[in-house]
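# Survey of secondary and tertiary structure
These are the residues of each chain, in order.
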Amino acid sequence: MKNKMINPISRSSFRDEVYRTLKKAIVMLELQPGQRLNDKELADQFEISRTPVREALKRLEDEGLVESVPGSSTRVSPIDAEAANHAFTVVAALHSLAARLAVPLLTDNDIETMESCNRLLSIALERADVIKAIEADDSFHRIFLNAAGNPEIRTALDRISPKVHRLEISRFGSIKGLKSVEQHDQIITACKNRDKTAVSRLVEKNWLSLGELLSEQMD
């Protein structure tokens, strides 16, 4: 089956590009949970050898986005509520830590950018545009990550966040009571007051409340 996101790539970037492309296709649900992944078919679509595809699939398996079924094949990992709850707990803690580190270093421009991101989030939610909503939310929280300047936090989030985004995309249309915009407003106010304790607490609450709403839809 031909996938829209998977196209021929240049030879100079085989490994990383195959990995990034497959990861995005899984997160965006172009490659569906449980879908079989045939390394030969994927290699043919990329117009490359099977080795970079196998390496990419192994990396994705290490990250929990792909699984090998004994005696069968490789497939996209299913989305399950328990794994999602674990992921959201860790994501919330990491973002909370980044926020605590970032608050003393935030500029007025950073806070203005947060406000802009939150307006974009509000518009995306009104239009039920899950991709734009996730992009706006990521941009909002990325301000803390950039200001905190801790590469270990970013590395950990890069590994875990795709699981969260996959759940968001799969359940976005059915969740009710999402209060991200209001919670972001509270975070912005606490940032203006330079209250790092309040910001850290509010950021963690923001992520955990989203996780709870999404997990409820999985039950």
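All of the points below concern the structure found in this document.

Cut-offs used in this document
- Residues numbered from 1 in each chain as written.
- Predicted model: local features only at pLDDT ≥ 70, side-chain atom pairs only at ≥ 80, totals over all residues.
- Heavy atoms only, no water.
- Helix = DSSP H or I, 4+ residues; strand = E, 2+ residues; numbered from the N terminus.
- Buried < 20%, exposed > 50% of the residue type's maximum accessible area, 1.4 Å probe, protein only.
- Contact = heavy atoms within 4.5 Å.
- Axes fitted to C-alpha atoms, helices over the stretch in contact; angles between N-to-C directions.
- Parallel < 35°, antiparallel > 145°, perpendicular 65-115°, else oblique.
- Nonpolar A, V, L, I, M, F, W, Y, C, P; charged D, E, K, R; others polar.
- Pairing = 2+ DSSP bridges.
- Polar contact = N/O pair within 3.5 Å; in protein donor to acceptor, adjacent residues only side chain to side chain.
- Salt bridge = Lys/Arg side-chain N within 4 Å of Asp/Glu carboxyl O.
- Core = buried A, V, L, I, M, F, W, Y, C linked by side-chain atoms within 4.5 Å.

### Some thoughts on the overall build of the chain
- Within the chain one finds nine helices and three strands.
- In the chain, the succession of helices and strands from N to C terminus is α-β-α-α-β-β-α-α-α-α-α-α.
- Among the 219 residues that make up the chain, the fraction classed as buried is 47%.
- At a minimum sequence separation of 6, the contacts of the chain that also span at least 24 residues come to 77%.

### Examining unusual backbone geometry
- Of note in the backbone geometry, alanine 128 takes a positive phi value of approximately 55° without being a glycine.
- Its location among the elements puts alanine 128 in the loop between helix 5 (108-126) and helix 6 (130-148).
- Under the relative-accessibility criterion, alanine 128 is labelled exposed at 55%.

### Some details on the packing of helix 5 against helix 8 (residues 180-192)
- In the contact formed by helix 5 and helix 8, the axes pass within 10 Å of each other and the chain directions differ by 175°. Our classification of the angle between helix 5 and helix 8 gives roughly antiparallel. Of helix 8, the residues touching helix 5 (which contributes Ile111, Met114, Glu115, Asn118, Leu121, Ser122 and Leu125) are Ser180, Val181, His184, Asp185, Ile188, Cys191 and Lys192.
- Considering only residue class, the contact of helix 5 with helix 8 consists of seven nonpolar, four polar and three charged.

### Describing the sheet that holds strand 2 (residues 66-68)
- What the three strands build is an open sheet, ordered 1-3-2; its pairing is antiparallel. Here the strands that pair on one side only, and so sit at the sheet edges, are strand 1 (36-37) and strand 2.
- Of the pairings in the sheet, the one linking strand 2 to strand 3 (residues 74-76) comprises three bridges and is antiparallel in character. Bridge pairing links glutamate 67 to arginine 75 in strand 3.
- Packing against the sheet, helix 3 (residues 50-62) makes contact with strand 1 and strand 2, and its axis sits at approximately 100° to strand 2.

### A few points about the environment of alanine 93
- Within the secondary structure, alanine 93 is located in helix 4 (residues 81-102).
- For alanine 93 and tryptophan 207, which are 114 residues apart along the polypeptide, the C-alpha to C-alpha distance reads 8.7 Å.

### Re the environment of arginine 159
- Inspection of the secondary structure puts arginine 159 in helix 7 (residues 151-171).
- Residues arginine 159 and leucine 60, spaced 99 residues apart in sequence, show a C-alpha to C-alpha distance of 9.5 Å.
- Polar contacts involving the side chain of arginine 159 include one to the main-chain carbonyl oxygen of aspartate 62, which spans 2.5 Å.

### Thoughts on the pattern of salt bridges
- Counted under the stated rule, the structure contains twelve salt bridges.
- Across the pair aspartate 16 and arginine 59 runs a salt bridge, and its minimum N-O distance is 3.4 Å. With aspartate 16 in helix 1 (residues 14-27) and arginine 59 in helix 3, the pair connects residues that are 43 residues apart, well separated along the chain.
- Since its relative accessible area comes to 41%, aspartate 16 is described here as partly exposed.
- On the basis of relative accessibility, which here comes to 35%, the residue arginine 59 falls in the partly exposed class.
- Glutamate 17 serves as the salt-bridge partner of arginine 20, at 2.9 Å between the closest nitrogen and oxygen.

### Some thoughts on the nonpolar core
- Leu106, Met114, Phe144, Ile187, Cys191 and Val199 are the most contacted members of the largest nonpolar core, which totals 36 residues.
- Breaking this core down by element, the ones donating at least two residues are helix 4, helix 5, helix 6, helix 7, helix 8 and helix 9 (196-218).
- For this core, the element with the most residues is helix 4, which contributes nine residues.
- For cysteine 191, the residues in contact, after removing those within four places along its chain, are Leu106, Ile111, Met114, Phe144 and Val199.
- Judged by nonpolar contacts, the second largest core, of 19 residues, contains Phe14, Ile26, Phe46 and Val53.

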